[in-house]
Amino acid sequence: MRAKFDEQLEQLNVMLIEMGALCEEAITYAVKAFETDSEEMREKTFKTDQIIDDMEREIESVCLKLLLQQQPVARDLRLISSALKMISDMERIGDQAYDIAEITKTIQSNRKDFCRDHISVMADTAIQMVTESVDSFVKKDIKLANDVIIKDDKVDDLFIHVQDDLINAVTEDRSCGEYFVDILMIAKYLERISDHAVNIAEWVIFSITGEHVNTRIIEKEKI
């Protein structure tokens, strides 16, 4: 029975990796849609979000079967319950990539390069955080999970830079006010994506240690 259970847990790991990779793709497509105004990239984002939704339901089913058909010990229960929490965050990541792509349908301005560097770095960091958070679960790597939590500061700082730049830009050029709001929303969605990656990392730590992470302690260790 245990061998069968371990085989199903391995299947769960594979599915989580696949779902994490889809989240990375959705973010990448959404940001490319912003950078290039590509309808193809928008459609790829929307389709990938749908696949992520489908995978959430599929993984939920696997987790429930593990709980009902097997007799997991406490550590296994933590792992499965954490996986259920993680896929909820990954589903939200797909939704926010969808929202970014949706914004790009109507975004218009003669200042399309405004804040693009900040947005690009935010997206790259968020993608890295999603990848590492899922990897930390599969590898049972607490250090990698902690690194994800620490990286969130970089995204938060970039979001503040975008806010500050937008405040100055609106003051100088009110004719692009709607565009600046769209940029702010895109930055906010990327900031939320990084928050979801942090949530995943925190659930990874819980699945290993049985304790809920104290982010403030991690911040002190970073310093």
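Structural data are supplied above this passage.
Residues numbered from 1 in each chain as written. Predicted model: local features only at pLDDT ≥ 70, side-chain atom pairs only at ≥ 80, totals over all residues. Heavy atoms only, no water.

A. Geometry of a nonpolar patch on the surface. A cluster of nonpolar side chains, contributed by Leu64, Leu67, Leu68 and Leu77, occupies part of the molecular surface with about 380 Å² of accessible area. Along the chain, Leu77 turns up in helix H3 (residues 74-103). (Patch = residues over 30% accessible without salt bridge, like charges linked within 9 Å, V, L, I, M, F, W, Y side chains within 5 Å. Areas by Shrake-Rupley, 256 points an atom, 1.4 Å probe, with all protein chains shown as cover. Salt bridge = Lys/Arg side-chain N within 4 Å of Asp/Glu carboxyl O. Helix = DSSP H or I, 4+ residues; strand = E, 2+ residues; numbered from the N terminus.)

B. A look at the pattern of salt bridges. Summed over the entire model, instances satisfying the criterion amount to nine salt bridges. With its nearest N and O atoms 2.9 Å apart, the salt bridge here joins Asp95 to Arg92. Here Asp95 and its partner Arg92 are both found in helix H3, three residues apart, which amounts to about one turn of the helix. Judged by its relative accessible area of 16%, Asp95 falls in the buried class. Relative accessible area serves as the criterion here: at 31%, Arg92 is assigned to the partly exposed category. For Glu132, the salt bridge goes to Lys151, with nearest N and O atoms at 3.0 Å. A residue pair is termed long-range when its members are at least 10 positions apart, and Glu132 in helix H4 (residues 116-139) and Lys151 in helix H5 (residues 142-172) qualify at 19 residues. The exposure class assigned to Lys151 is partly exposed, which follows from its relative accessible area of 23%. Via salt bridges that share partners, Asp37, Glu39 and Arg42 belong to a single interconnected network. (Buried < 20%, exposed > 50% of the residue type's maximum accessible area, 1.4 Å probe, protein only.)

C. Geometry of the packing of aromatic side chains. Counted under the stated rule, the structure contains three aromatic pairs. With a centroid separation of 4.5 Å and 45° between ring planes, the pair formed by Phe46 and Tyr98 is classed as tilted. Of this pair, Phe46 sits in helix H2 (residues 39-69) while Tyr98 sits in helix H3, and the two are 52 residues apart along the sequence. A relative accessible area of 31% means that Tyr98 is categorised as partly exposed. Centre to centre, the rings of Trp203 and Phe206 are 5.5 Å apart; their planes meet at 90°, and the pair counts as edge-to-face. (Phe/Tyr/Trp six-rings, centres within 6.5 Å; stacked < 30°, edge-to-face > 60°.)

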